[in-house]
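Notes for the structure review
So the chains spell out like this:
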Amino acid sequence: MLHRFFCIICTFLLLITSAGAVCVAQQHADIHAFIDNWHKAAAEAKADVFFGSMASDCIYIGTDKTERWTKAQFISFAKPYFDKGKAWDFKPYDRDLHVTLEGKSAWFSELLTTWMGVCRGSGVLAKENGKWVFKQYHLSVTVPNDLVRDFITLVENFERKAKP
């Protein structure tokens, strides 16, 4: 009798665990598709999809040290590119995704193939009104460690020439 009860409990726990794993896998797949569609919207100049995927309080951090934009500021900067029919075409790969236990927040980092070479993007997502939105996205240019000293010199020379 005790053995049968134990088998029933184990089977029940296995079913619950399996259902939870399927739910988590589906949630991750949905988030990956959301981020991929966001990148695709930029490549296809679909401003409504791209900007519509960003929360009203979203912050976009670009590669230049001056590029920390609210959503409205980023729209002002980027809309002319979208209006021309092509914004940018970043191809994501090697994404690392994490979701909170309650499934309301997520964060990720990814490598991107871009016209600037390999870049790293990272972001924070939140589930608002049943859909995922970007709360923050940060794009950075990757610099090999062996080239950092040369890179620093290059930037210092540029900034020195830019000063009046």
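Calculation rules
- Residues numbered from 1 in each chain as written.
- Predicted model: local features only at pLDDT ≥ 70, side-chain atom pairs only at ≥ 80, totals over all residues.
- Heavy atoms only, no water.
- Salt bridge = Lys/Arg side-chain N within 4 Å of Asp/Glu carboxyl O.
- Helix = DSSP H or I, 4+ residues; strand = E, 2+ residues; numbered from the N terminus.
- Buried < 20%, exposed > 50% of the residue type's maximum accessible area, 1.4 Å probe, protein only.
- Pairing = 2+ DSSP bridges.
- Contact = heavy atoms within 4.5 Å.
- Core = buried A, V, L, I, M, F, W, Y, C linked by side-chain atoms within 4.5 Å.

So, on to the pattern of salt bridges. Taken as a whole and judged by the stated rule, the model has 9 salt bridges. Salt-bridge contacts for Arg95 lead to Asp36; the nearest nitrogen and oxygen are separated by 2.8 Å. Separated by 59 residues along the polypeptide, Arg95 in strand β3 (residues 91–99) and Asp36 in helix α1 (residues 2–43) bring together distant segments of the chain. Exposure remark for Arg95: the relative accessible area of 17% places this residue in the buried category. Residue classification places Asp36 among the partly exposed positions, given a relative accessible area of 36%. Of the charged contacts, one joins Glu128 and Lys135 as a salt bridge, the two residues approaching to 3.1 Å between their closest N and O atoms. Taking relative accessible area as the criterion, Lys135 reaches 24% and is therefore assigned partly exposed.

Time to look at the pairing of strand β4 (residues 105–114). Where β3 meets β4, 7 bridges bridge the pair, whose relative direction is antiparallel. Of the residues in β4, the one forming a bridge with His98 is Trp107. Counting the residues that bridge the hairpin from β3 to β4 gives 5 residues, and of these Gly103 lies at a positive phi of roughly 75°. A loop of 2 residues connects β4 with strand β5 (residues 117–128), the two strands running antiparallel in sequence.

The residue Thr63 is located in the loop between β1 (54–61) and β2 (68–70) in this model. In sequence terms Thr63 and Arg120 are 57 residues apart; their C-alpha atoms lie 9.9 Å from each other. Not counting chain neighbours up to four residues away, the residues in contact with Thr63 comprise Met116, Leu139, Ser140 and Val141.

In terms of nonpolar packing, the biggest core is built from 30 residues, with Phe50, Met54, Phe74, Phe82, Trp88, Leu125 and Phe134 touching the most fellow members. Within the residue set of this core, elements represented by two or more residues are α1, α2 (47–52), β1, α3 (71–83), β3, β4, β5 and β6 (131–141). Looking at which element gives the most residues to this core, the answer is α1, with 6 residues. If near-sequence neighbours (up to four positions away) are discounted, Met54 is found in contact with Trp38, Tyr60, Lys71, Phe74, Val133 and Phe134.

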